[in-house]
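Structure assessment
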Amino acid sequence: MSTDNLRVAVVGAGQMGADHVRRITAKISNADVVAIVEPDQGRAAAAAALAPGAIAAASFDEALDATAIDAVIIATPGFLHEPILVTALERGLMVLCEKPLTTLAEDSLRIVELEQQHASRPVIQVGFMRRFDAGYKELLALRESGANGALLALHHAHRNPTTPPNYGEDMLIKDSVIHEIDIIPFLTGEPIMSVEVKKPRSNSLAPAGLPEPQFVLFTTESGVLAIVEISVNVQFGYQVTTEAVFESGVAYIGRETSQTVVSAGLSAQPITPSYKERFSAAYDEEVQRWVDAARGGGIDGPSAWDGYTASVVAEVAVRAQQTGALEPVEYAVTKPTFYDEVFAVAAGDRA
Ligand SMILES: NC(=O)c1ccc[n+]([C@@H]2O[C@H](COP(=O)([O-])OP(=O)(O)OC[C@H]3O[C@@H](n4cnc5c(N)ncnc54)[C@H](O)[C@@H]3O)[C@@H](O)[C@H]2O)c1
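Note that the coordinates shown come from a computational prediction; the quantities given were computed from them, not determined experimentally.

1. Focus on helix α9 (residues 280–295)
- When the terminal C-alpha atoms of α9 are compared, their 23 Å separation across 16 residues agrees well with the 22 Å that a helix rising 1.5 Å per residue should span.
- Buried within α9 we find Ala-282, Tyr-283, Asp-284, Glu-286, Val-287, Gln-288, Arg-289, Trp-290, Val-291, Ala-293 and Ala-294.
- Just downstream of α9 lies Gly-297, where phi reads positive at about 85°.

Given below as structure tokens:
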């Protein structure tokens, strides 16, 4: 371990947390995992084995008392993010918080307010990793170039092979479509202003009581329509695609994630089994850029403000699932200038 490296605590060592421990240890420069906070002893031990020298602690406070920590990756379930965010802000730590920032919009707004009280510039980055995916960066560059005229509409497909136990209908929005809720303003440069949910004939392979697929229709400020198909029991693998409709052109991303093999009368391409493989390069870039920015006291990606606006839209989308009506989106406050200049991905370096 180098003393100049960012000393990172990973809180929650489940699917995402363990993946981040592995990533930082094996791939990321200038950072060390110094503490793993995980109540499940088996998972704690497995994660600690990936990060030699890291301490295992039962709580974040215990880790903070035991060793010097500069930064924290929050990878607990979403409903546990808020208290860890508050402690991190009070201790002056840099934060990479897995999505969602918090599960309730009012809690996200409290975090936005608290961050402005405790820090002179944004210190919380939210783990919306699609903004680091090459395809989405290219799509943003194409829209901003104006080469094909204005962007009119987006077709998103978000397909998961199966659902874990206890996956409820609201999780279609809160766990899955939340990524499109972030990427739509990123691609369009505009906030989402309304949401409607359509439920076609249900997939018989879905667990009883889970009506899916669903189509979530978002409209942005200038009227760009973004339609998201969320399907979570497609069996064949994990697939995330976007088709952008411009005035004089169309662009597709996500259909080809590796080579196509033409043989024996078939043109075939493997489907990624999960989000980890589909967005592997995006996670790597997200974490490396966060580490580099955090060492200088800043962030380089979606901010707590982006986390707040996503929470607002997600709440409205869950309401729209229940009402079947076109639901307007209202944000309680306008974007504070504090959040104006934090996202280098949006300002350049999109190759
Ligand atoms: N960016 C993405 O693509 C992506 C993908 C999956 C999950 N996530 C997000 O990552 C977070 C974790 O999801 P996951 O799939 O890894 O869940 P998980 O259930 O696999 O892991 C969560 C871990 O947190 C631990 N935990 C519970 N309470 C804790 C506490 N008080 N302190 C420390 N650890 C605690 C649990 O024991 C578990 O090991 C969630 O916010 C989720 O939405 C993001």
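That was the structure; now back to the text.
2. Focus: the site of the ligand
- Not every one of the 24 residues close to the ligand is listed here, only the nearest: Met-16, Glu-38, Arg-43, Lys-99 and Tyr-283.
- Backbone polar atom of Gln-15 to an oxygen atom of the ligand: 2.9 Å apart, as the coordinates give it.
- The contact in question runs from an oxygen atom of the ligand to an N or O atom on the backbone of Met-16, over 2.8 Å.
- About the coverage of the ligand: the protein hides 78% of its 840 Å² of free accessible area.

3. Notes on the sheet that holds strand β7 (residues 151–159)
- Read across the open sheet, the 7 strands follow the order β12-β11-β7-β10-β9-β8-β15; overall the sheet is mixed. At either margin of the open sheet sits one strand with a lone partner, and together these are β12 (249–253) and β15 (327–328).
- Where strand β8 (residues 192–198) and β15 come together, 2 bridges link them in antiparallel fashion. Counted as the bridge partner of Ser-194 is Pro-328 from β15.
- Packed onto the sheet, helix α6 (residues 134–145) meets β7, β11 (239–246) and β12 and runs at close to 5° relative to β11.
- The strands that helix α10 (residues 304–323) touches are β8, β9 (214–220) and β15; relative to β8, the one it contacts most, it runs at about 35°.

4. Re the side chain of His-179
- Summarising the element assignment, His-179 is placed in helix α7 (residues 169–188).
- Here His-179 falls in the buried class, since its relative accessible area comes to 10%.
- Setting aside residues up to four positions removed in sequence, His-179 forms contacts with Lys-99, Phe-128, Met-129, Arg-130 and His-158.

5. Topic: the environment of Gln-269
- With respect to the helices, strands and loops of the structure, Gln-269 is situated in the loop between β14 (266–268) and α8 (275–278).
- Relative accessible area serves as the criterion here: at 22%, Gln-269 is assigned to the partly exposed category.
- Between the C-alpha atoms of Gln-269 and Thr-103, which are 166 residues apart in sequence, the distance is 37 Å.
- Leaving out residues up to four positions away in the same chain, Gln-269 has contacts with Arg-255, Glu-256, Thr-257, Ser-258, Gln-259 and Thr-260.
- A distance of 2.4 Å separates a polar side-chain atom of Gln-269 from the backbone oxygen of Ser-258.

6. Let's talk about the sheet that holds strand β6 (residues 124–126)
- On the basis of which strands lie adjacent, the open sheet formed by 6 strands has the order β3-β2-β1-β4-β5-β6 and parallel pairing. At either margin of the open sheet sits one strand with a lone partner, and together these are β3 (55–57) and β6. Within the sheet, the average angular offset between the axes of one strand and its neighbour, ignoring direction, is 25°.
- Sheet topology note: the strand β1 (residues 6–11)/strand β2 (residues 31–37) ladder contains 6 bridges and is parallel. The residue bridging Ala-9 from the neighbouring strand is Ala-35, located in β2.

Analysis parameters
Residues numbered from 1 in each chain as written. Predicted model: local features only at pLDDT ≥ 70, side-chain atom pairs only at ≥ 80, totals over all residues. Heavy atoms only, no water. Helix = DSSP H or I, 4+ residues; strand = E, 2+ residues; numbered from the N terminus. Expected span 1.5 Å × (residues − 1). Buried < 20%, exposed > 50% of the residue type's maximum accessible area, 1.4 Å probe, protein only. Near = heavy atom within 4 Å. Polar contact = N/O pair within 3.5 Å; in protein donor to acceptor, adjacent residues only side chain to side chain. Areas by Shrake-Rupley, 256 points an atom, 1.4 Å probe, with all protein chains shown as cover. Pairing = 2+ DSSP bridges. Contact = heavy atoms within 4.5 Å. Axes fitted to C-alpha atoms, helices over the stretch in contact; angles between N-to-C directions.

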